[in-house]
Amino acid sequence: MPRCHIDHIVVTSPSLERGADYLYQTLGVMPQPGGEHPRMGTHNLLLRLGDALYLEVIATNPRAPAPGRSRWFGLDSMKAVSQPALSTWVARSEDIRASTAGCPEPLGEVEAMSRGPYEWLITVPADGRVPLDGVAPALIEWRSAVHPASQLDECGCSLVELTVRHPDPVRVARLLNTLGLSGVAVEPLPVGCTTPHLVAVIDTPQGRKILSPVGPPVR
């Protein structure tokens, strides 16, 4: 099975404006415009974290027609009062069908997507939810010659570590090992926490910051 790599981390938000404000308040930087996803009725903002790594802020596009299906990344469950949060992540494979076939967890069907000049294949569960209690990655295989992160402005940010916290860390570790993913830590839930979640440590021009949907951001 081909090895997978972290491709991007995803902040879901009820609107791009609130998502951008969340990143500015938490990381001290503003994301730049991305584009629209016609098949999903969503749009995004992007923040470079490396040559082939970025952060995506994604929201329902109020100007797009309803897609007639569940939107990805659990966006249909977001309300106007929902808070932007680090909700999921995406892992890159050179052969998404082989990676999906050998995966011990159901990650969804492989579907073709596009945004402007970029085309890719990605796993999308039929119900739009994030698998494995919200901590499993979507798998992506880029069909474009250039990775979108390489076209983003340099902002002085980089991903230091991504941690998955789950009540069954052995199950999560088995998934990541099968996908050949490195650079992702797996931990049990902290005492008193009942919600599986992600924690991203990011170096910024303002110092090291943390994104997590659980607890206040570390400044």
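Keep in mind it's a predicted model, so treat the numbers as computed, not measured.

Draft legend 1. Structural detail: the environment of Phe73. Among the secondary structure elements, Phe73 is positioned in the loop between strand E4 (53-60) and strand E5 (85-92). Filtering out sequence-adjacent residues up to four positions away, Phe73 remains in contact with Val10, Thr12, Glu56, Ile58, Thr88, Val90, Ile122, Gly128, Val130 and Ala138.

Draft legend 2. Representation of the pairing of strand E6 (residues 109-115) within the structure. Of the pairings in the sheet, the one linking E6 to strand E7 (residues 118-124) comprises seven bridges and is antiparallel in character. Along E7, the bridge assignment pairs Ala112 with Leu121. Between E6 and E7, which pair antiparallel and follow one another directly, the connecting turn spans two residues, one of which, Gly116, has a positive phi of 55 degrees.

Draft legend 3. Up close: the sheet that holds strand E12 (residues 207-211). The four strands lie next to each other as E10-E9-E11-E12, forming an open sheet whose pairing is mixed. In the strand order of this sheet, the two ends are held by strand E10 (184-187) and E12, each with one partner. Going from strand to strand, the sheet's axes swing by 20 degrees on average, the running direction of each strand aside. Examined bridge by bridge, strand E9 (residues 158-165) and E10 share four bridges and lie parallel to one another. Bridge pairing links Thr163 to Ala185 in E10. In this fold helix H1 (residues 16-27) packs onto strand E11 (197-204) and E12, with an angle of close to 135 degrees to the strand it touches most, E12. Of the strands in this sheet, E9 and E10 touch helix H4 (residues 169-178), which is tilted by about 160 degrees from E10.

Draft legend 4. Quick peek at the pairing of E12. Pairing geometry for E11 and E12, over five bridges, is antiparallel. Considered in E12, the bridge of Thr204 is made with Gly207.

Draft legend 5. A look at the nonpolar core. In this structure, Ile9, Leu23, Leu55, Trp89, Leu159, Ile202 and Leu211 are the most contacted members of the largest nonpolar core, which totals 44 residues. Looking at this core, the elements that each hand over two or more residues are strand E1 (5-12), H1, strand E3 (42-50), E4, E5, E9, H4 and E11. The greatest single-element share of this core, amounting to five residues, is contributed by H1. Excluding residues within four positions of it along the chain, Leu211 makes contact with Val11, Tyr22, Leu23, Thr26, Leu27, Leu55, Leu86, Leu198, Val199, Ala200 and Ile202.

Draft legend 6. Just unusual backbone geometry, in detail. Its identity as a non-glycine residue notwithstanding, Phe73 has a phi of 60 degrees, on the positive side. You will see that Leu132, though not glycine, has its phi angle at about 55 degrees, which is positive. Residue classification places Leu132 among the buried positions, given a relative accessible area of 7%.

Here is what the cut-offs are and how they apply
- Residues numbered from 1 in each chain as written.
- Predicted model: local features only at pLDDT ≥ 70, side-chain atom pairs only at ≥ 80, totals over all residues.
- Heavy atoms only, no water.
- Helix = DSSP H or I, 4+ residues; strand = E, 2+ residues; numbered from the N terminus.
- Contact = heavy atoms within 4.5 Å.
- Pairing = 2+ DSSP bridges.
- Axes fitted to C-alpha atoms, helices over the stretch in contact; angles between N-to-C directions.
- Core = buried A, V, L, I, M, F, W, Y, C linked by side-chain atoms within 4.5 Å.
- Buried < 20%, exposed > 50% of the residue type's maximum accessible area, 1.4 Å probe, protein only.

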